Amino acid sequence: MSGMPMLGRALASLTRRRFLLGAGAVAGAGAAVAAGVGIDRAVDTGGPAAAGGPGAAQVPSVPLGAQPAGLPARQHAWNAVLARDQYGNPVPPLYHRLLFFDVNGHPSAARARVLEAALRTLERAYPWAPAGLLFTVGWGQPYFADALHTSSPIPVATALSGFELPAIDDYHLCLHLASDDEPRLAAVETALARGAPLPGADGPLDVSSALRWRETRTGFIGTGLPAERQDAGGIPAGDPVPAAAPLFMGFKSSLTRNQATEDDVTIPGGPFAGGTTMHASYMRLSLDDWYGQLSEDERVARMYAPQVTLQQVTDDFTTDAESDPSLLGQAISRYGVIGHSQTSARARRAGRPIILRRDFNTTDSGQAGLHFVSLQRTIADFVTTRAAMNATSAQLQNPVITDTVNNGINSFIFVLKRGNYVVPTRAERSFPLVDD
Amino acid sequence: MVKVDRLRSQLRRAMPAGFLLLGVLIGALLVIAFGSGGTTSTPSATSSSAGNSSSSGMNMGTGATSGASAGGIKPVPMQQLGVADWQGMKITADAMTPVPFIVYNGTTSQEIKPAKNVSFHLMVQLNDAQTGVVIPYASVWATVTKGSAMPFDNRLWPMISRYMGPHYGDDVSLPGAGTYQLTLLVSPPVSARHLEYQNVWLKPHRVTFTFHWAATPAS
């Protein structure tokens, strides 16, 4: 996190606004919180939007609505409600959607109220679970720097390898929706962005007066789903994706010890204490050679390590897939191939990964891809992990390995976009740092 | 699969001495099967730069597939798809006869044969624009698009051949004639550098060429 010392004054006003919003008694409070205590203002009193600035919208007065009891204080606390597989690994929600917005006008308490009311409506409409709806609200560097004109707690995303030139997202807000009900996500999107009615909702949902929708990315993860959707660019003919694979590349990604815990990725102090940071990248998959040229053993070598066998993956990699990074030197010198898990595992701290993957596949634009959503305590942790995955120095030890040849999965992913966000606590999720 | 020793023997026979080291290290042997000695060059395409990218275009004409079929693959006279300059690095993209080639992963190797519907072998060369010396140790990702279609999207293999030397290549299949965009993402060379190269090619560079493909599939 950068810029934290400069945020002390903002924190004071933020806390006051949260009190007014009545969102302070979420987790563990027992009964539902009363609606809209003390903030039932009808007009937006701040900024260019109120004065009819460019792109600004009239901000309606909306009832804030009650919030169901027992919701976790951390937006990113999903694991407790996820199903478990036979080994105890959490099973991620099947369908995901990333909605990207900019602030419509100037950040203000009234706009915060519009967003908060909509999110509370969703919380009342659906249980906090994959069978219902899970979501996080993250705020990007442009929100802080351009809309609030303050220092950002997270840096602008950058290219993270010598072989990528991604577009850098400049969105103010990213809303990550997840559910086992795919149509529900589309319905929620149209309700939020365009004011369409949502069956079962009992409160306001249209956020268009506060936020301007800019982009949507969709996807899925789970046994059978990639195989069902493999008729996409980047996947060779012949239905090569295994029927039971949860991801297009044919292997699992969410083993419990191959992930940071939610505690690990929680920001310990400062204005965003209790929150986390999120990196969202969009990668195109190019699997012609992955399935067309490589045997299953060769795919195992590149996904895990050349010392790993297919039988190990099947029988032993039940809760972890560290792939022994201490053998990386041997992989480089003896095998001339290095594996993704093996190189990435070098970024672990006290034996645990430092990022929590919430990634999912996609066929957006007809192309197989991966929306890599990752949570971590600081964006630097993500950068560290990605640098380990790049394994740039391997080429200097054995030039048969280049940055994209015989180097993990680097030659099968093409990074299109990157963006960084801070994910506040549930109480602070709507327009953080906006003064009352 | 072929054994390593056999591959190395092939490498020694196939390469000029100056390229032997690179070939063993990078490990991708291009077996020239057709047409290289008789290829014809087209005039260099014009190029322009804007910001961090450059583009050029050329018409490949209508005679790209003339010639007799051999082994099910028709010879494709070598034709330039585009040329660009990046901080003194000359980036050249050519289309030529599709070829089988061998890739090497350190302990095993594999022959990659052209697909039945292959159109041409895409060859990208990186050279010092002043001296013509080949610049190795980079990587090139090539994407061919036509409207929203993306018939090719792959990292090119670092490759060597007797007549074309070190380059980056792969066989490409296009769905038919038409105007296509070829986008190359060239990464900085990963190597130690003499001082004259210390301040260039430090970040990836994207270059886009527009070309017209008039040929029918080569097979």
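Residues numbered from 1 in each chain as written. Chains lettered and ligands numbered in written order. Predicted model: local features only at pLDDT ≥ 70, side-chain atom pairs only at ≥ 80, totals over all residues. Heavy atoms only, no water.

1. A look at unusual backbone geometry
Stated formally: Working definition: helices are DSSP H or I runs of at least four residues, strands are E runs of at least two. Numbering for both runs from the N terminus.
Even without being a glycine, A:A350 presents a positive backbone phi close to 50°. Inspection of the secondary structure puts A:A350 in the loop between α11 (340–344) and β9 (356–357). Its identity is not glycine, yet B:Y137 carries a phi of approximately 70°, on the positive side. In this fold, B:Y137 is placed in the loop between β8 (120–128) and β9 (140–146).

2. A closer look at the nonpolar core
Definition in use: Residues belong to one nonpolar core when they are buried, are Ala, Val, Leu, Ile, Met, Phe, Trp, Tyr or Cys, and are joined through side-chain atoms within 4.5 Å. Each residue gets one of three labels from its accessible area relative to the maximum for its type: buried under 20%, exposed over 50%, partly exposed in between, using a 1.4 Å probe on protein chains only. Should any heavy atoms of two residues lie within 4.5 Å, those residues are counted as being in contact.
Membership of the largest hydrophobic core comes to 90 residues, with the highest contact counts inside it found for A:L122, A:W139, A:W290 and A:F431. Top element by residues in this core is helix α3 (residues 109–125) of chain A. It accounts for eight residues. Apart from residues no more than four positions distant in its own chain, A:W290 is found in contact with A:M249, A:F251, A:R299, A:R302, A:M303, A:I409 and A:F412. Counting 32 residues, the second-largest nonpolar core is a separate cluster that includes B:L122, B:Y168, B:V200 and B:V207.

3. Focus on the sheet that holds strand β12 (residues 167–172) of chain B
Residues and elements named next belong to chain B. Worth spelling out the cut-off: A pair of strands counts as paired when DSSP detects no fewer than two bridges linking them. Angles shown run from 0 to 180 degrees and are taken between the N-to-C directions of axes, each axis being a line fitted to C-alpha atoms and, for helices, limited to the stretch in contact.
Read across the open sheet, the five strands follow the order β4-β5-β8-β12-β11; overall the sheet is antiparallel. The open sheet has two edge strands, β4 (79–86) and β11 (157–159), and neither has a second partner. Averaged over all adjacent pairs, the angle separating strand axes in this sheet is 25°, with direction ignored. Alignment of β8 against β12, held across five bridges, turns out to be antiparallel. Considered in β12, the bridge of V124 is made with Y168.

4. Points about the interface of chain B and chain A
When the parts of a complex come together, some accessible area is lost, and that lost area is often used as the size of the interface. How we decide: Accessible surface is computed with a 1.4 Å probe, and the buried area is the amount of it that two parts give up when combined, taken over both parts together. Salt bridges, as used here, are contacts in which a Lys or Arg side-chain nitrogen is within 4 Å of a carboxyl oxygen on Asp or Glu.
The interface is formed by 29 residues belonging to chain B together with 32 residues belonging to chain A. Taken together, the two surfaces of chain B and chain A that pack against each other cover about 2600 Å², and 54% of this comes from carbon and sulfur. Looking at the side of chain B facing chain A, the largest losses of area belong to B:N105, B:W141 and B:V190, adding up to 23% of the total buried there. Inspection of the region where chain B meets chain A yields one salt bridge.

5. Brief notes about the confidence of the model for chain B
Residue and element names in this part refer to chain B. Condition: Confidence of the predictor in every single residue is expressed as pLDDT, which spans 0 to 100.
Averaged over every residue, the pLDDT of chain B is 74; residues scoring 70 or more account for 65%. This stretch, residues 1–68, has a pLDDT under 50; its non-local contacts, to residues over four places away or in other chains, come to 160 contacts. Predicted as a complex, the structure gets a pTM of 0.82 and an ipTM equal to 0.77.

6. What about helix α12 (residues 379–390) of chain A?
Each full turn of the α-helix corresponds to 3.6 residues, which orients residues three or four apart in the same direction. All names here are of chain A. Cut-off, in case you're wondering: To estimate how far a helix should reach, multiply one less than its number of residues by 1.5 Å.
Taking 1.5 Å of rise per residue, twelve residues should cover 16 Å, and α12 covers 17 Å from first to last C-alpha, within 8% of that figure. Among the residues making up α12, those that are buried are I379, D381, F382, T385, R386, A388, M389 and N390. Buried residues along α12 sit against β8 (276–285), α11, β11 (369–376) and β12 (413–423). Two residues or fewer after α12 comes A391, characterised by a positive phi angle close to 50°.

7. Regarding the pairing of β8(A)
Residues and elements named next belong to chain A. For β8, the buried fraction is high: ten of the ten residues fall into the buried class. Neither face of β8 is open: one carries T276, M278, A280, Y282 and R284, the other T277, H279, S281, M283 and L285, and all of them are buried. With ten bridges joining them, β8 and β12 adopt antiparallel strand pairing. Among the inter-strand pairings, S281 is bridged to a residue of β12, identified as R418. Pairing of β8 with β11 involves eight bridges; the strand directions are antiparallel. Looking at β11, one finds that A280 is bridged to V373.

8. Details of the environment of A:R299
Residue and element names in this part refer to chain A. Put simply, the test is: As used in this structure description, the phrase polar contact means that two N or O atoms lie within 3.5 Å; if the pair is within protein, one of them must be able to donate a hydrogen and the other to accept it, and residues adjacent in sequence are counted only when both atoms belong to side chains.
Mapped onto the fold, R299 is located in helix α8 (residues 296–303). Taking the C-alpha atoms as reference points, R299 and S286, separated by 13 residues in sequence, lie 14 Å from one another. Excluding residues that lie within four positions of it along the chain, R299 makes contacts with F251, W290, Y291 and L294. Within the local environment of R299, its side chain forms a polar contact with the backbone oxygen of L294, the two atoms lying 2.9 Å apart.

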